[in-house]
Amino acid sequence: MSILICGSLAFDTIMTFEGRFAEQILPNQLHILNVSFLVPGLRREFGGCAGNIAYGLRQLGSPAAPLAMVGNDAPDYLDRLQGLGVDTRFIGTTSDTYTAQAMIMTDRDNNQITAFHPGAMSQAHMNRVPMDAGIRLAIVSPDGRDAMLQHAQQLHDAGIPFVFDPGQGLPMFNGEELVHFIRLATWVTVNDYEGRMLSDRTGLSFEAIAAQVNGLIVTLAEHGCEVWEGGQKTVVPGVKATEVLDPTGCGDAFRAALLHGLAQGWALPRCVELGNRIGATKIATRGGQNYRFVNA
């Protein structure tokens, strides 16, 4: 069963700041902010939500097919995905733009500052959901605004169950649009901050959102997750990482595990339990797509 991943493919430039952002920023001088951070550690990784989720799915033994758009600088990335066994048939290429780029800086407390250039991702809506490719499960993850709107509608119209996980893309949508996403989706996943924003913009409580889908998942970092089903809340405990080395991509690792479990027909709390374990594994290792799941 193919799992379609609607989302971004990007290059991540990851920088390590050995101090604390809070010690470099004067709260009463934000109107004339002018700061510079020395970053001794820097590396460039293959990233983007769709790429990271596909990597995680392949590590767990599940098929992965990103629906994304890349630029004229992406041949190495496509080779990378194909080498992992990822289905790249639904990845489009533009000739006049760069692939999306994320510049991520992390301080010693794992706070992050990110700059993002969308590049080819802005044209992701040009790729339509394939209707005859054996897709039985999908996710709409952070991507171009038009792409997220259109892909959600196309998946619903095709009768393909999907997870709506807007992530950092949530602020792009108003309350009416978010309500529409919820009505189309089969499951909804947000972190605690996004969950509060989703509830505030839609005017819907978690119970009301969960009543419209098969399940609502609210992740609480190391504290685990809330799983809302049929008006009932189940708290799935978190998994403590042995060592916090790199938080970049741990949310996508969680998404991969969630999709893997759903594809197996598992109950939602079991899917989330695996997601917590995989997310903790990712945060305890370095590298965007260079970690391994052991005894998952």
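Residues numbered from 1 in each chain as written. Predicted model: local features only at pLDDT ≥ 70, side-chain atom pairs only at ≥ 80, totals over all residues. Heavy atoms only, no water.

J.: Which parts of the structure should I look at to understand the overall build of the chain?
T.: Broken down by element type, the chain carries nine helices and 13 strands. By principal-axis analysis of the C-alpha atoms, the chain measures approximately 50 × 45 × 40 Å. Within the chain, the proportion of its 296 residues that are buried is 54%. Here the contacts in the chain between residues at least 6 apart in sequence split such that 69% fall between residues at least 24 apart. With the model as given, the accessible surface of the chain reaches about 13,500 Å², and the carbon-plus-sulfur share is 49%. The centroid of the 21 positive side-chain charges in the chain is displaced by 5 Å from the centroid of its 29 negative side-chain charges. (Helix = DSSP H or I, 4+ residues; strand = E, 2+ residues; numbered from the N terminus. Buried < 20%, exposed > 50% of the residue type's maximum accessible area, 1.4 Å probe, protein only. Contact = heavy atoms within 4.5 Å. Areas by Shrake-Rupley, 256 points an atom, 1.4 Å probe, with all protein chains shown as cover. Lys, Arg positive; Asp, Glu negative; His and termini not counted. Charge placed at Lys NZ, Arg CZ, Asp CG, Glu CD.)

J.: Sorry, what's going on with the nonpolar core here?
T.: Generally speaking, soluble globular proteins have nonpolar side chains that are buried together. Counting 37 residues, the largest nonpolar core has L4, L155, F162, F164, V188, L198 and L216 as its most contacted members. Here the element with the most residues in this core is helix α5 (residues 175–184); it accounts for five residues. Residues A50, L57, C225 and V227 belong to the second largest nonpolar core, which totals 32 residues. (Core = buried A, V, L, I, M, F, W, Y, C linked by side-chain atoms within 4.5 Å.)

J.: How should the pattern of salt bridges be read in this particular structure?
T.: Opposite charge on two side chains permits them to pair, given that their charged atoms come into close proximity. Counted by the stated rule, this structure contains eight salt bridges. In this structure, the salt-bridge partner of R20 is D109, at a minimum N-O distance of 2.8 Å. Of the two residues, R20 sits in the loop between β2 (10–16) and α1 (21–24) while D109 sits in the loop between β6 (100–106) and β7 (112–117), which places them 89 residues apart along the sequence. Its relative accessible area of 28% is what places R20 among the partly exposed residues. (Salt bridge = Lys/Arg side-chain N within 4 Å of Asp/Glu carboxyl O.)

J.: Where do I start with the packing of aromatic side chains in this structure?
T.: How two aromatic rings sit relative to each other is set out by the distance from centre to centre and by the angle between their planes. A full pass over the atoms with the stated rule returns nine aromatic pairs. Judged by centre distance (6.1 Å) and plane angle (45°), the ring pair of F11 and F46 falls under tilted. Residue F11 is located in strand β2, and its partner F46 is located in strand β3 (residues 41–47); the two are separated by 35 residues in the primary sequence. With centroids separated by 4.9 Å and ring planes inclined at 80°, the aromatic side chains of F173 and F181 adopt a geometry described as edge-to-face. Each member of the pair, F173 as well as F181, is classed as buried. One aromatic cluster in this structure is built from F11, F46 and Y77. The lysine or arginine in question, R44, covers the ring of F11, its NZ or CZ lying 4.2 Å from the ring centre. The ring of W266 is capped by R270, whose NZ or CZ atom sits 3.8 Å from the centre of that ring. (Phe/Tyr/Trp six-rings, centres within 6.5 Å; stacked < 30°, edge-to-face > 60°. Lys NZ or Arg CZ within 6 Å of the ring centre and 35° of its normal.)

J.: What exactly am I supposed to notice about the side chain of T99 here?
T.: Locating T99 in the fold gives a position in the loop between β5 (91–93) and β6. Here the side chain of T99 touches G71 through a polar contact of 2.9 Å, landing on its backbone nitrogen. Among the polar contacts listed, one links the side chain of T99 to the side chain of D73, at a separation of 2.7 Å. (Polar contact = N/O pair within 3.5 Å; in protein donor to acceptor, adjacent residues only side chain to side chain.)

J.: What am I meant to see in the environment of G47 here?
T.: Position of G47 relative to the elements: it lies in strand β3. Given a relative accessible area of 0%, G47 falls into the buried group. Considered as a pair, G47 and I278 are 231 residues apart in the sequence and their alpha carbons are 17 Å apart.

J.: Would you take a moment to explain a nonpolar patch on the surface for this structure?
T.: Together, L30, L33 and V35 line one region of the surface with nonpolar side chains, adding up to about 260 Å² of accessible area. For L33, the location among the structural elements is in the loop between α1 and β3. (Patch = residues over 30% accessible without salt bridge, like charges linked within 9 Å, V, L, I, M, F, W, Y side chains within 5 Å.)

J.: Just checking my understanding: could you explain the environment of N72 for this structure?
T.: Looking at where N72 falls in the secondary structure, it is placed in the loop between β4 (65–70) and α3 (75–83). N72 sits 111 residues away from R183 along the chain, and the two C-alpha atoms are 36 Å apart.

J.: Mind showing me how you'd approach the packing of helix α2 (residues 49–59) against helix α8 (residues 250–263) here?
T.: Geometrically, a packed helix pair is captured by the angle between its two axes and the distance between the axes. α8 packs onto α2 with a crossing angle of 50° between their chain directions and a minimal axis gap of 8 Å. Judged by the inter-axis angle, α2 sits oblique to α8. For the pair α2 and α8, the sense of crossing is right-handed. Contacts from C49, N52, I53, G56 and L57 in α2 reach D252, R255, A256, L259 and H260 in α8. Residue composition of the contact of α2 with α8, grouped by class: five nonpolar, three polar and two charged. (Axes fitted to C-alpha atoms, helices over the stretch in contact; angles between N-to-C directions. Parallel < 35°, antiparallel > 145°, perpendicular 65-115°, else oblique. Left-handed = near helix turned anticlockwise from the far one by under 90°. Nonpolar A, V, L, I, M, F, W, Y, C, P; charged D, E, K, R; others polar.)

J.: Quick question: what am I supposed to make of the state of the cysteines here?
T.: Two cysteines form a disulfide when their sulfur atoms are joined by a covalent bond. The full count for this structure, using the stated rule, is zero disulfides. Its sulfur unpaired, C6 is 12 Å from the next cysteine sulfur, which belongs to C49. Given the relative accessible area of 1%, C6 is considered buried. Not engaged in a disulfide, the cysteine C49 finds its nearest cysteine sulfur in C250; these two sulfurs lie 11 Å apart. Accessibility expressed as a relative area gives 6% for C49, which makes it buried. (Disulfide = S-S within 2.5 Å.)

Treat this as a map of the structure, not an account of what it does.
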